Amino acid sequence: MIKAVRGTRDLYGETLFYKRWIEDTARRVLEAAGALEIETPILEEAPVFERGVGATSDIVQKEMYAFTDRGGRRLVLRPEGTAGVMRAFLEHGMKVWPAPVKLYYRGPMFRAERPQKGRYRQFYQVGYEAVGLSEPAVDAEAIALLIDLLRALGLKDWTIKLGTVGDPEDRARYNAYLREVLEPYKEALSEDSRARLVRNPLRILDSKDPKDREVLEKAGVRPLWDFLSDEARVHFRAVEDLLKALGIAFEEDPTLVRGLDYYARTAFEVHHHRLGAQAALGGGGRYDGLTALLGGPSLPGVGWAVGTDRLILALEAEGIPAPGAPALDLYLLPLDEAAVAEALALAEQLRPRFRVELAYQPKRPGKGIKEAEKRGARLVGFLGEGERARGTISVKRLDTGEQTELPREALFGWLEALK
RNA sequence: GUGAGCGUAGCUCAGGUGGUUAGAGCACCGGUCUGUGGAACCGGGGGUCAUGGGUUCAAGUCCCAUCGCUCACCCCA
């Protein structure tokens, strides 16, 4: 039998109710802050991510679904949202819109990793971007909106981690420093970290490998924050102060390093406490200058993305149910052959105001009531010989068992009153 | 990409050390029950035992490979 490809899933039922609810909630929360939805293609040219996300990032190095199309273009199934949104931002001249331009998106992303709980090859994100202003208040608002979303969903068991990765020049100085102090310990590092030493020493700080931890300990590595420029430091403190003023609790994390190369200054992640290995619900930060990497003018920006799949896991872990489909209002039951057409016509008349289903062949009442119950209907409407002669319908409430016969023209109003 | 565990009906699972026609519960269909209820009882349809190869008189059961799932590493959403 043909099955869904590894790491991809069919979403339906409860899972899709969750996803729909999360996306609807995000829309409400983000549009209230003046954000405009944007849908960009799933397919992008490879350079959007190679230049945007960064050629040394894990995502570009080993996780991208890339192929060459018939025209010889190198295309990629997007591994994340921001780079594509910024490509669109430039392409449509949004830099002349009143700043900051707030955009949000949702949709599937693709990464070729080994699947596990909370990690899929096709996964879904909701993201938010605010482009054009470098004010700390824009960072603080972005974080506040992320929290608004979590709260609107009723989630409680999470923590915000906040840090700063400095400006590119700060990181360059720090990387140079790291290479210098770690070089003598090169042999003691893990294989991965020896490669990182060349490409991006910063990432070594993230390593959980005991060997690396030991080296970092012995080398007495100074934190990145010692290398921050005054501007970056002031910016970070301002963001923290604004969050405090909003009453937002966060955990300061000097080691926070985001996986995408484009981040600058503010960085944050939200972790859920009951999710196992893949605990990050989402994350983001400031990415000033990303637009320049994509060939446009250099513009400031800040944004985040949350994993819809992980939000679903978190909601389940906290026992928060998804609002399901609306209950079936009425199940129409033809009692003889002639009533089938009447039931169909009546169903059409009542929709879409009411959710109506019907039996497509005559059934005995007892049988039909069971059918209605299985479908979760609140009411059963009987259409038989007697009702036809009188131009009526007999409607029975399944909860109380109470039954009334009323003229067919009166049914709509009767249902309306009940609703 | 690395490691470990696991693949039996639509779902959840039984099937000691290999031994007739592979089972249960739930779900589904029908009946008891031809104008009125959820229950109960009776019956029914459903399986290439993940796939391929091997060992054996004999494989759901043992061995190998492949595929898939799960969890972890890694990384992150």
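To be clear, the structure that these remarks concern was listed above.
The model shown is predicted, which means the values in this text are computed figures rather than measured ones.

Parameters at a glance
Throughout this description, residue numbers start from 1 for each chain and increase along the sequence as written. Whichever chain is written first becomes A and whichever ligand is written first becomes 1, with later ones labelled in order. For this predicted model, a pLDDT threshold of at least 70 governs which residues receive local features, and a threshold of 80 or more governs which side-chain atom pairs are given and counted, while totals over whole chains, interfaces and linings are taken from all residues. To obtain the side-chain values, all non-hydrogen atoms of the structure were included, while hydrogens and water were left out. A pair of strands is labelled paired if DSSP reports no fewer than 2 bridges between them. Under the scheme used here, helices are H or I runs from DSSP no shorter than 4 residues and strands are E runs no shorter than 2 residues, and both carry numbers assigned from the N terminus. In this description, a line fitted to the C-alpha atoms serves as the axis of each element, helices being fitted only across the stretch in contact, and the angle between N-to-C directions of two axes falls anywhere from 0 to 180 degrees. For this analysis, residues touch if any pair of their heavy atoms sits within 4.5 Å. We define a nonpolar core as any set of buried Ala, Val, Leu, Ile, Met, Phe, Trp, Tyr and Cys residues linked to one another through side-chain atoms lying within 4.5 Å. Type-normalised accessible area, obtained with a 1.4 Å probe on protein chains alone, sets the label of each residue: buried when under 20%, exposed when over 50%, and partly exposed for intermediate values. For this classification, under 35 degrees means roughly parallel, over 145 means roughly antiparallel, 65 to 115 means roughly perpendicular, and everything else is oblique. It is the rotation of the near helix from the far one that decides the hand of a crossing: anticlockwise by less than a right angle makes it left-handed, clockwise makes it right-handed. Gly falls in the polar group here, along with every residue not listed as nonpolar (Ala, Val, Leu, Ile, Met, Phe, Trp, Tyr, Cys, Pro) or charged (Asp, Glu, Lys, Arg). Any pair of Phe, Tyr and Trp rings, taking the six-membered ring for Trp, is counted once the centres come within 6.5 Å. Such a pair is stacked with planes under 30 degrees apart, edge-to-face with planes over 60 apart, and tilted for the rest. For a Lys NZ or an Arg CZ to count as sitting over a ring, it must be within 6 Å of the ring centre and within 35 degrees of the ring normal. In this scheme, patches are assembled from residues that exceed 30% relative accessible area and form no salt bridge. Like charges are connected within 9 Å, while nonpolar side chains (Val, Leu, Ile, Met, Phe, Trp, Tyr) are connected within 5 Å. To be clear on the numbers: accessible area is Shrake-Rupley with a 1.4 Å probe, and residue cover counts the displayed protein chains and nothing else. In the sections that follow, a salt bridge refers to a side-chain nitrogen of Lys or Arg positioned within 4 Å of a carboxyl oxygen of Asp or Glu.

Attention now moves to the sheet that holds strand β14 (residues 379-383). With mixed pairing, the five strands of this open sheet are ordered in space as β13-β12-β14-β15-β16. On the outer flanks of this sheet lie β13 (356-358) and β16 (403-407), each paired with one strand and no other. If you compare each strand with its neighbour and ignore which way they point, the axes differ by 25° on average. Pairing analysis gives three bridges linking strand β12 (residues 330-334) to β13, with the strands arranged parallel. Paired with leucine 330 across the bridge in β13 is valine 356. Across the sheet, helix α12 (residues 337-350) lies against β12, β13, β14 and β15 (392-397), angled at about 160° from β12, the strand it touches most.

Here we come to the nonpolar core. Counting residues in hydrophobic clusters, the biggest one holds 66 residues, and the most contacted among them are Leu30, Leu155, Tyr174, Leu182, Val221 and Trp304. Counting residues per element, this core draws most heavily on helix α5 (residues 136-152), at 10 residues. If near-sequence neighbours (up to four positions away) are discounted, leucine 30 is found in contact with Ala35, Tyr104, Gly127, Tyr128, Leu145 and Trp304. Ranked by size, the runner-up nonpolar core spans 33 residues in total, among them Phe49, Ala83, Leu256 and Leu299.

Counting buried residues in β14 gives five out of five residues, a clear majority hidden from the surface. Burial along β14 is two-sided: Leu379, Gly381 and Leu383 and Val380 and Phe382, pointing in opposite directions, are all buried. Where β12 meets β14, five bridges bridge the pair, whose relative direction is parallel. Its bridge partner lying in β14, proline 334 is registered against leucine 383. Taken together, the four bridges between β14 and β15 define a ladder with antiparallel strand orientation. Paired with glycine 381 across the bridge in β15 is valine 395.

So, about the packing of helix α1 (residues 13-31) against α5. Remark: α1 packs on α5, axes separated minimally by 9 Å, with the N-to-C direction vectors making an angle of 135°. Classed by the angle they form, the pair α1 and α5 counts as oblique. With respect to the hand of their crossing, α1 and α5 are arranged in right-handed fashion. On α5, the residues touching Trp21, Ile22, Thr25, Ala26, Arg28, Val29 and Leu30 of α1 are Leu145, Asp148, Leu149 and Ala152. When its residues are assigned to classes, the contact of α1 with α5 shows eight nonpolar, one polar and two charged.

Turning next to the packing of aromatic side chains. Per the counting criterion, the structure on display carries six aromatic pairs. Ring pairing ties together the aromatic residues Tyr174, Tyr177 and Phe227, which thus form one cluster. Note that lysine 19 overlies the ring of tyrosine 124, its terminal NZ or CZ placed 4.5 Å from the centroid.

Turning next to the sheet that holds strand β4 (residues 74-77). The sheet built from three strands is open, its strands ordered β2-β4-β3 with antiparallel pairing. Where the open sheet ends on each side, the last strands, each with one partner, are β2 (43-45) and β3 (65-68). Each adjacent strand pair in this sheet contributes to an overall mean axis angle of 35°, direction not counted. For β3 and β4, the ladder comprises four bridges, and the chain directions are antiparallel. Paired with phenylalanine 67 across the two strands is leucine 75, which belongs to β4.

For the rest of this paragraph, the subject is the packing of helix α6 (residues 168-182) against helix α7 (residues 191-199). Here α6 crosses α7 at 135°, and the two axes come no closer than 9 Å. Of the possible angle classes, the one that applies to α6 and α7 is oblique. Two packed elements cross with a definite hand, and for α6 against α7 that hand is left-handed. Contacts from Leu178, Arg179 and Leu182 in α6 reach Leu197, Val198 and Arg199 in α7. Residue composition of the contact of α6 with α7, by class: four nonpolar, no polar and two charged.

Residues Leu36, Val96 and Trp97 make up a contiguous nonpolar surface patch of about 310 Å² in total accessible area. Tracing the backbone through its elements, the reader meets valine 96 in the loop between α4 (82-91) and β5 (101-110). With relative accessibility at 66%, the residue valine 96 sits in the exposed group.

These results come straight from atomic positions and should not be treated as a statement about function.
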